[in-house]
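# Observations on the model geometry
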Amino acid sequence: TRPGWVRPLAVVLQDNDTGTDSTLAVRALSVFMGPVPVWFQHVMAPIVVHQDCGLLYYQHRNLHDNGYRPRQDGSIPFEKLVHCPSTVDRGVTTFRRWLREHGGDGIPWACDDVLDAKDSVDIYDTWNAHTKNCQHCMVAYRNLEALKGVCIGLSSSAAFFLPEGVERIEVAGGAAV
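Only a predicted model underlies this, so the values are computations on that prediction, with no experimental measurement involved. (Residues numbered from 1 in each chain as written. Predicted model: local features only at pLDDT ≥ 70, side-chain atom pairs only at ≥ 80, totals over all residues. Heavy atoms only, no water.)

### Some words on the overall build of the protein
Broken down by element type, the protein carries seven helices and zero strands. Walking the protein from its N terminus toward its C terminus, one meets helices and strands in the order α-α-α-α-α-α-α. With 177 residues in all, the protein has 12% of them scored as buried. In the protein, the proportion of contacts linking residues at least 24 apart, taken out of those at least 6 apart, comes to 42%. Here the protein has roughly 13,900 Å² of accessible surface; of this, 60% comes from carbon and sulfur atoms. (Helix = DSSP H or I, 4+ residues; strand = E, 2+ residues; numbered from the N terminus. Buried < 20%, exposed > 50% of the residue type's maximum accessible area, 1.4 Å probe, protein only. Contact = heavy atoms within 4.5 Å. Areas by Shrake-Rupley, 256 points an atom, 1.4 Å probe, with all protein chains shown as cover.)

Next comes the structure, spelled out in structure tokens:
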């Protein structure tokens, strides 16, 4: 892709002997791959993406703390810091070898590998990482802010103009929610 864009990749294991057409994971992933509006994909994506954020952040920290510095002299090779005994791991090790030998040892637009102090960064900060720079998310955000203003107006109007009673409380409360 390109800087600022993300292409989520997913692997879903399915037990075909269960007799069902799909698993919960397959149905959940269809939310992102199916015919849904872009704004809905953007709202739902953090639910999946944030599940891995903490794990990936601390894995990167651990590799860095143990001397792994991609594209820097004196870096300990990735293969010496991890144990990949399974045949499933061949794809990762093959890709890393290709990246090192033929791919310029990294992504051309990658920034310097400088880490902030441990636990000083909010890794789940979706606003600064994505929302404020995404046209789809900002349209949805502005629409929600406008809807919030309408709800505040309806709630205030109900509180001032409706006669006292259950209806007044229900309308004002419903608009406030």
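### Re the layout of surface pockets
Taken as a whole, the second largest pocket encloses approximately 250 Å³ of empty space. Of all the secondary-structure elements, those providing two or more residues to the lining of the second largest pocket are helix 2 (38-65), helix 5 (126-129) and helix 6 (135-161). For the lining of the second largest pocket, the element with the most residues is helix 6, which contributes five residues. Residue classes in the lining of the second largest pocket are distributed as eight nonpolar, four polar and no charged. (1 Å grid on protein atoms, 1.4 Å probe; cavity = no way out; pocket = protein on both sides within 12 Å on 5 of 7 lines; lining within 4 Å. Points joined across faces, edges and corners; volume = space filled by probe spheres on them. Nonpolar A, V, L, I, M, F, W, Y, C, P; charged D, E, K, R; others polar.)

### Observations regarding helix 2
With 28 residues, helix 2 should cover 40 Å at 1.5 Å per step; its first-to-last C-alpha distance of 38 Å lies within 8% of that length. Its axis deflected by about 35° at V49, helix 2 carries its strongest bend there. Those residues of helix 2 that sit buried are C53, G54, Y57, R61, L63 and H64. Among the structural elements, helix 3 (78-81) are those in contact with the buried residues of helix 2. The positive-phi residue at the C-terminal boundary of helix 2 is G67, with phi of around 105°. (Expected span 1.5 Å × (residues − 1). Bend = angle between axes of the 7 residues up to and from the residue.)

### Brief notes about the confidence of the model for the protein
Per-residue confidence for the protein gives a mean pLDDT of 77; residues scoring 70 or more make up 76%. For the protein, per-element mean pLDDT is lowest for helix 1 (residues 24-33), which scores 65, and highest for helix 3, which scores 86. (pLDDT = per-residue confidence, 0-100.)

### A closer look at the packing of aromatic side chains
Aromatic rings considered in pairs are described by the distance between their centres and by the relative angle of their planes. One pass over the full model with this rule turns up four aromatic pairs. Look at F95 and W98: their rings are 6.1 Å apart centre to centre, the planes differ by 25°, and that puts the pair in the stacked class. A residue pair is termed a helical-turn pair when its members lie 3 or 4 positions apart in one helix, as F95 and W98 do in helix 4 (residues 90-102) at three residues. Against the face of F78 rests R96, its NZ or CZ located 3.6 Å from the ring centre. (Phe/Tyr/Trp six-rings, centres within 6.5 Å; stacked < 30°, edge-to-face > 60°. Lys NZ or Arg CZ within 6 Å of the ring centre and 35° of its normal.)

### Notes on the side chain of R61
The topology assignment puts R61 in helix 2. Residues in contact with R61, not counting those within four places in the same chain, are L115, D116, A117 and K118.

### Examining the environment of R71
When you line up the elements, R71 lands in the loop between helix 2 and helix 3. Among the residues examined, R71 registers a relative accessible area of 40% and is labelled partly exposed. Separated by 36 residues in the primary sequence, R71 and I107 have C-alpha atoms spaced 9.8 Å apart.

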